[in-house]
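Each chain is listed here by its residues.
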There are 2 protein chains.
Amino acid sequence: MADRQPEDDVLDPPAAAEPANPSAIYDADGGFDAGYLHSVTEAIAADDAEHLKRHVVDLHESELGDLLEHLSPDDRQSLVRLMGADFDYAALTEVDEAVRLQIVDAMPNAQIAEAVRALDSDDAVYILEDLEEEDRKEILEQLPFRERIRLRRALEYPDESAGRRMQTEFVAVPPYWTVGQTIDYLRDEDGLPDNFSQIFVVDPSFKLLGAVDLDRILRMRRPATIEEIMHETRHAIPADMDQEEAAQIFEQYDLLSAAVVDATQRLVGVLTIDDVVDVIQQEAEEDLLRLGGVGDEELSDTVLTTVRSRFLWLLINLGTAILASVVIGFFDATIQQMVALAVLMPIVASMGGNAGTQTMTVAVRALATRDIDIYNAGRVIRREVLVGILNGVAFAVIIGVVAGLWFESWGIGQVIGLALIINMIAAALAGILIPLLLDRVGADPALASGTFVTTVTDVVGFFAFLGLAAWWFGLGSS
Amino acid sequence: MADRQPEDDVLDPPAAAEPANPSAIYDADGGFDAGYLHSVTEAIAADDAEHLKRHVVDLHESELGDLLEHLSPDDRQSLVRLMGADFDYAALTEVDEAVRLQIVDAMPNAQIAEAVRALDSDDAVYILEDLEEEDRKEILEQLPFRERIRLRRALEYPDESAGRRMQTEFVAVPPYWTVGQTIDYLRDEDGLPDNFSQIFVVDPSFKLLGAVDLDRILRMRRPATIEEIMHETRHAIPADMDQEEAAQIFEQYDLLSAAVVDATQRLVGVLTIDDVVDVIQQEAEEDLLRLGGVGDEELSDTVLTTVRSRFLWLLINLGTAILASVVIGFFDATIQQMVALAVLMPIVASMGGNAGTQTMTVAVRALATRDIDIYNAGRVIRREVLVGILNGVAFAVIIGVVAGLWFESWGIGQVIGLALIINMIAAALAGILIPLLLDRVGADPALASGTFVTTVTDVVGFFAFLGLAAWWFGLGSS
């Protein structure tokens, strides 16, 4: 990010007489302050650039991103136009993709090129990677040679790889330098990155040899050589590694930043924890949304995009619902003779569906965090089945008594109780085995498990209940 | 964490002839390597401390934590015993609570006290906060005065507050020091924290004045004063702030570390991003698990704990399922005259349930990330209803044709289509309004929304479908 420590410039005198108080833009609940938002939209409506700048210029990029998301599409473009050169383009990395594209698409390529030049390489890539091939080419051609090469190389790495998220600005020194030489270099060099917490050590061909944390340099006396105080970089990240995998390494080893290397172990960039935090958030969010049957949906998507993205999931659900209906259809004669069955059957299916979802949720999360594998899968399966049996028996008693009293028939109470136990065991097995199986065949368990699990619990639930009833009461089935 | 940059000691000669290769403990899928695990359990079974140490001593705390979770409870305790003083107690912060308690409960208090002394304060608090009041007191009494005071103070902050997560070791200097003086101090002082990325600036009463990033000190010449190069700490975290709120500040402003202050703005500790990453993970996980109807469950919980924690959720679901059955019961005479209704009715309920869950998932996530508030709530509600109507009409046509062909009655096709549209609109409204309402009254929308939403879609679905059918075909209801 361009500006990791936004406080850096706070001690500069404010640009205008009435600067925005950053804490005043949010209200006590963490939502946007109504008065602040009103002032901004008023300034935009009045086309008053000076007034607008007073309110916006001191915002952190994430606050500006928040503000943009709260404005109407037209107001967003007016804000960018009115702010002119004072607009902090890093804010575009903080908004939903739909909002970003809407703003960027309205900008001429020359303006995008200028924006890209002002940004750190990772932020620039973030904006460029969403653009059409042709626009991207035109924009890159307007950049200075060195920047063009750097960005082009980053863009050549696969989507969602470490190479896309890395910053290509970093500090690298040779191993034979002393601490004194290094400090002098840092004092004299103008082209340093805005922020850095590590110095990398490379050989003449830029092959990565190690790294030194800044606190280590500060503790050492000037004659010590870098080679003596550097540590091996055990966790160098290959540039084509998936960002999720890279995030897991950061998390496991509590890294703050890590070197990114190409296939020949040459240092090409640095990945920092702030970018990784975003990845961790995204991945957790992805699992949650997928479990809920919504893909990579964003609040700012259009209605039609949302309709389309949800349609497929609902269509699959329709198929499984029809399958459950077909099972019920087998027993239509039974139901006609005993309509209480129709009244009670959703209970069996619903309890199984919920129990299955519980198990599945735990399984999907455990797979995502790698807490489950072949060594403990057997233990987890046994545990889930046992939980299913115990809760199955408990609820069998409860619903058996309720149904028996309701329809004044202990027979129906016994049938529903037995059916419930069967379905709770089926739910436990489906809830754990389906995610494991999907994971094993390389599918995303968060995406598809839900449908399969409820299909199993619906089909087993209806079949067990109606089938048992038909047999128990000697009722005909068609 | 005790050892943020585990590579620090890599260049030391290995302790034994056959050191564990850290990358060899995981297989290609990121799971535990079978051969490695086998060697460890064999060494434990043979009571061979030397052999075990060769495999375990070089592990990172998180790797050791992973290993502990993969062992049986008995093997875990044997490992701690055999490793003796070489056991890295920081690993206890990396395992599930149930595993941690199992290991710690088996340790005498004197041994826990020794472990706590070896840890950073944040890790020590992490272990102490789970213990019984009495044990904690006994352990604290065995610690040196300064550490005891520090830990006691941290433990006095509320559960899950920044004060519990902070590290009490930090570097603080007065504002009138020069860069040169500061560097000399860092070179000479022995009691510095293991790692630090910021130096804090305080007045004689330890009131926080600002902070300086290490890269800034390295760039400046020796005569510059700290006061000139420090920045105001705009995001100092009050020690009693909830850890989730603190994590949101870290995330929004891309902080790497932040000062923690008491009520009088005195510096009491530092919160670092690696601890915050854990909090972010936990919070995302919490929402996912709660949406799935499982509370704060862990894979290592006992069967009975799991049964109990899931029971309540299933009981609530049973209540709502019975409510839906009561609605069906109103129409038992109608069903008896037209058994096709019993066959088809789960489809209407199921489609509504799924559509409602989609909307609810988006709403819960948007509330968690504060992407939804009173300014855009109206827009989001309109959008969701529109999506519900559009998908409702689409699926009404599909299921209308299917049902019409299946039961050779266009009447039933029209009834189910109309009921579906009604239920999809109800689903959209319930999916967005229920989470908003729960959030407004201060309840956790992730926890309770699911039950309410499916209650609405079940009741509305059955009622709309059966009621419309009774009216359309002039069938009696009881």
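This one's a predicted model, so the numbers in the text were calculated from it and none came from an experiment.

**Details of the overall build of chain A**
When its secondary structure is counted, chain A shows 21 helices and 6 strands. Taking 23 Å as the expected radius of gyration for a compact globule of 478 residues, we find that chain A reaches 30 Å, considerably beyond that expectation. Overall, the C-alpha framework of chain A stretches about 95 × 60 × 45 Å when taken along its three principal axes. Taking all 478 residues of chain A together, the buried fraction comes to 57%. When contacts within chain A are restricted to residue pairs at least 6 apart in sequence, those whose partners lie at least 24 apart make up 68%.

**What to know about the environment of Leu318(B)**
Within the secondary structure, Leu318(B) sits in helix α16 (residues 303-330). Take Leu318(B): its relative accessible area is 3%, and that puts it in the buried class. If we ignore the near neighbours within four places in the chain, the residues touching Leu318(B) are Ile347(A), Met351(A), Phe395(A), Ile398(A) and Ile399(A).

**Quick look at the interface of chain A and chain B**
With 134 residues of chain A at the interface, the matching set in chain B holds 134 residues. Between chain A and chain B lies a buried interface of about 12,400 Å² when both sides are counted; carbon and sulfur atoms form 61% of it. A salt bridge links Arg310(B) to Glu384(A); the shortest N-O distance between them is 2.9 Å. Applying the counting criterion to the chain A and chain B interface returns 35 residue pairs in polar contact (both at pLDDT 80 or more). When residues in the side of chain A that touches chain B are grouped by element, the largest group, 17 residues, is from helix α18 (residues 340-368) of chain A.

**Re the nonpolar core**
Residues Leu67(A), Leu79(A), Leu67(B) and Leu79(B) are the most contacted members of the largest nonpolar core, which totals 132 residues. Here Leu67(A) is in contact with Phe32(A), Tyr36(A), Leu37(A), Val40(A), Val56(A), Leu59(A) and Leu79(A), once residues within four sequence places are set aside. Of all hydrophobic cores here, the second largest spans 80 residues; its members include Ile416(A), Ala342(B), Leu420(B) and Met424(B).

**Focus on helix α2 (residues 49-56) of chain A**
For an α-helix, 3.6 residues make a turn, and residues three or four places apart therefore share a direction. All names here are of chain A. If you check which residues of α2 are buried, you get Leu52, His55 and Val56. Taken end-on, α2 shows its buried residues confined to a sector of 85°, consistent with a single buried face. At its buried positions, α2 is contacted by α1 (34-45), α3 (61-70) and α4 (73-83).

**Some points on the UniProt feature "transmembrane region" (unreviewed entry) in chain A**
All names here are of chain A. Per the UniProt record, the feature "transmembrane region" (unreviewed entry) sits at residues 311-331, 337-364, 385-406, 412-438 and 450-473. Taken end to end, residues 311-331 comprises 95% helix and 0% strand; its first and last C-alpha atoms sit 31 Å apart. The span residues 337-364 is 93% helical and 0% strand by assignment, and the distance between its end C-alpha atoms comes to 42 Å.

**With respect to the packing of aromatic side chains**
Residue and element names in this part refer to chain A. This structure, assessed with the given rule, holds 16 aromatic pairs over all chains. Ring geometry for phenylalanine 87 and tyrosine 89: centres 5.1 Å apart, planes at 80°, overall edge-to-face. The burial state of phenylalanine 87 is the same as that of tyrosine 89; both residues are buried. These aromatic residues form a ring-pair network of at least three members: Phe170, Phe200 and Phe206.

**Focus: the UniProt feature "domain: CBS" (unreviewed entry) in chain A**
All names here are of chain A. The feature "domain: CBS" (unreviewed entry), as given by UniProt, occupies residues 166-228 and 230-286 in the numbering adopted here. Helix makes up 30% of residues 166-228 and strand 21%, whereas the separation of the span's terminal C-alpha atoms amounts to 27 Å. Annotated as residues 230-286, this span is 44% helix and 23% strand, and its ends, taken at the C-alpha atoms, are 38 Å apart.

**Some details on the sheet that holds strand β2 (residues 198-202) of chain B**
Residues and elements named next belong to chain B. Taken in spatial order, the 3 strands line up as β1-β2-β3 in an open sheet, and their pairing is mixed. Of all the strands in the sheet, the pair left with one neighbour each is β1 (172-173) and β3 (208-213). Note: β2 against β3, 5 bridges, orientation antiparallel. Paired with isoleucine 199 across the two strands is valine 212, which belongs to β3.

**With respect to the packing of helix α19 (residues 374-406) of chain B against helix α20 (residues 410-440) of chain B**
Residues and elements named next belong to chain B. The interhelical angle for the contact between α19 and α20, taken along N-to-C directions, is 155°, at an axis separation of 7 Å. The orientation of α19 relative to α20 falls into the category roughly antiparallel. α19 and α20 meet at a crossing whose hand is right-handed. Within the contact of α19 with α20, the residues separate by chemical class into 25 nonpolar, 7 polar and 2 charged.

**Some words on the side chain of Gln358(A)**
Inspection of the secondary structure assignment puts Gln358(A) in helix α18. Beyond its immediate sequence surroundings of up to four residues, Gln358(A) is in contact with Gly292(B), Gly293(B), Val294(B), Arg310(B), Trp313(B) and Leu314(B).

**Quick notes on the relation of the copies chain A and chain B**
Expressed as a screw operation, the relation of chain A to chain B combines 0.0 Å of axial shift with a rotation of 180°, fitting to an RMSD of 0.1 Å. Taken together, the rotation angle and the small translation identify this as a two-fold axis.

**Some details on the packing of α18(A) against helix α15 (residues 273-291) of chain B**
In the contact formed by α18(A) and α15(B), the axes pass within 10 Å of each other and the chain directions differ by 155°. Taken together, the axes of α18(A) and α15(B) are roughly antiparallel relative to one another. In this structure, the crossing between α18(A) and α15(B) has a hand that is right-handed. Contacts between α18(A) and α15(B) involve Thr361(A), Val362(A) and Arg365(A) from the first element and Gln281(B), Glu285(B), Leu288(B) and Leu289(B) from the second. Among the residues making up the contact of α18(A) with α15(B), the classes are represented as 3 nonpolar, 2 polar and 2 charged.

**Observations regarding the domain arrangement of chain A**
Residues and elements named next belong to chain A. Partitioning chain A into structural domains gives domain 1 (6-162), domain 2 (172-290) and domain 3 (303-472). One C-alpha centre belongs to domain 1, the other to domain 2; they are set 27 Å apart. Taken together, the contacts link 9 residues of domain 1 with 13 residues of domain 2. Where domain 1 abuts domain 2, roughly 850 Å² becomes buried across the two surfaces, and 45% of that area is made up of carbon and sulfur atoms. Looking only at domain 1, the three residues that lose the most surface to domain 2 are Tyr157, Glu160 and Ala162, adding up to 61% of its buried area. Where domain 1 packs against domain 2, one counts 0 salt bridges.

**Some details on the sheet that holds strand β4 (residues 237-238) of chain B**
Across a sheet, paired strands are connected by hydrogen bonds in the backbone, their directions being either parallel or antiparallel. All names here are of chain B. Spatially, the 3 strands line up as an open sheet ordered β4-β5-β6, and their pairing is mixed. Looking along the sheet, the strands with just one partner apiece sit at the ends: β4 and β6 (267-272). By the bridge criterion, 5 bridges tie strand β5 (residues 257-261) to β6 in an arrangement that is antiparallel. In the strand pairing of β6, valine 261 is matched with leucine 267.

**Concerning a nonpolar patch on the surface**
Together, Leu304(A), Leu386(B), Ile389(B), Leu390(B), Val393(B), Val397(B), Val401(B), Leu405(B) and Trp410(B) line one region of the surface with nonpolar side chains, adding up to about 810 Å² of accessible area. A total of 7 residues in the nonpolar patch trace back to one element, the largest contributor, which is α19(B). Tracing the backbone shows Val401(B) in helix α19. Look at Val401(B) and you get partly exposed, because its relative accessible area is 38%.

**A few points about the pairing of β6(B)**
In terms of residue burial, β6(B) counts as a mostly covered element, since 6 of its 6 residues are buried. Counted along the chain from β5(B) to the antiparallel partner β6(B), the turn is 5 residues long, and its residue Gln265(B) has a positive phi close to 65°.

**With respect to the confidence of the model for chain A**
With 94% of its residues at a pLDDT of 70 or more, chain A shows a mean pLDDT of 86. Overall, residues 1-22 of chain A carries pLDDT values under 50, and its contacts beyond four positions in sequence, including any with other chains, amount to 56 contacts.

**Considering unusual backbone geometry**
Residues and elements named next belong to chain B. The phi dihedral of glutamate 160 falls on the positive side, at around 60°, and the residue is not glycine. Along the polypeptide, glutamate 160 turns up in the loop between α9 (145-156) and α10 (162-165). What makes glutamate 160 partly exposed here is its relative accessible area of 39%. The residue glutamate 408 is not glycine, and still its phi comes out positive at about 45°.

Reading the values: the criteria
- Counting starts from 1 at the beginning of each chain's written sequence and moves along it residue by residue.
- Each chain is given a letter, starting from A, and each ligand a number, starting from 1, according to the order in which they appear as written.
- Whole-chain, interface and lining totals are the exception, using all residues; otherwise, since this is a predicted model, local features are given only for residues with pLDDT of at least 70 and side-chain atom pairs are given and counted only at 80 or more.
- As a rule here, side-chain values cover all heavy atoms of the structure and leave hydrogens and water aside.
- Secondary structure is summarised from DSSP: a helix means a run of H or I of at least four residues, a strand means a run of E of at least two, and numbering begins at the N terminus for each.
- Our radius of gyration is a C-alpha quantity, and the globule rule it is checked against amounts to 2.2 Å times the number of residues to the power 0.38.
- For each residue, the accessible area found with a 1.4 Å probe, counting protein chains only, is set against the maximum for its type, and the residue is called buried under 20%, exposed over 50%, and partly exposed in between.
- Contacts between residues were defined by any pair of non-hydrogen atoms, one from each residue, lying within 4.5 Å.
- Buried surface area refers to the total accessible area, computed with a probe of radius 1.4 Å, that the two partners give up upon joining, counted for both partners together.
- The working definition used for a salt bridge is a side-chain nitrogen of Lys or Arg within 4 Å of a carboxyl oxygen of Asp or Glu.
- The term polar contact refers here to a pair of N or O atoms within 3.5 Å; inside protein, the definition further demands a hydrogen-donor-capable atom paired with an acceptor-capable atom, and it admits residues adjacent in sequence only when both atoms are side-chain atoms.
- To qualify as a nonpolar core, a set must consist of buried Ala, Val, Leu, Ile, Met, Phe, Trp, Tyr and Cys residues joined through side-chain atoms within 4.5 Å.
- As used here, the arc belongs to the directions running from the helix axis to the C-beta atoms.
- UniProt positions are given in the numbering used here, feature names are shortened, and annotations may be inferred rather than shown by experiment.
- Here a Phe, Tyr or Trp ring, Trp counted by its six-membered ring, pairs with any other such ring whose centre lies within 6.5 Å, and the pair is stacked when the planes are under 30 degrees apart, edge-to-face when over 60, and tilted otherwise.
- At least two bridges found by DSSP between two strands is the condition for calling them paired.
- Lines fitted to C-alpha atoms define the axes here, with helix axes fitted over just the stretch in contact, and angles between the N-to-C directions of these axes take values from 0 to 180 degrees.
- Roughly parallel covers angles under 35 degrees, roughly antiparallel covers those over 145, roughly perpendicular covers 65 to 115, and oblique covers all other angles.
- With the far helix as reference, a near helix turned anticlockwise by less than a right angle produces a left-handed crossing, and one turned clockwise produces a right-handed crossing.
- We call Asp, Glu, Lys and Arg charged. Ala, Val, Leu, Ile, Met, Phe, Trp, Tyr, Cys and Pro are nonpolar, and the rest, Gly among them, are polar.
- We superpose the copies by least squares over the C-alpha atoms of residues that have a pLDDT of at least 70 in both of them.
- An automatic or database domain assignment provides the domain bounds reported here.
- Exposure above 30% relative accessible area and no salt bridge define the residues that can form patches, which grow by joining like charges within 9 Å and nonpolar side chains of Val, Leu, Ile, Met, Phe, Trp and Tyr within 5 Å.
- Only the protein chains shown count as cover for residues, and the accessible areas themselves come from Shrake-Rupley with a 1.4 Å probe.
- Residue-level confidence of the predictor, termed pLDDT, takes values from 0 up to 100.

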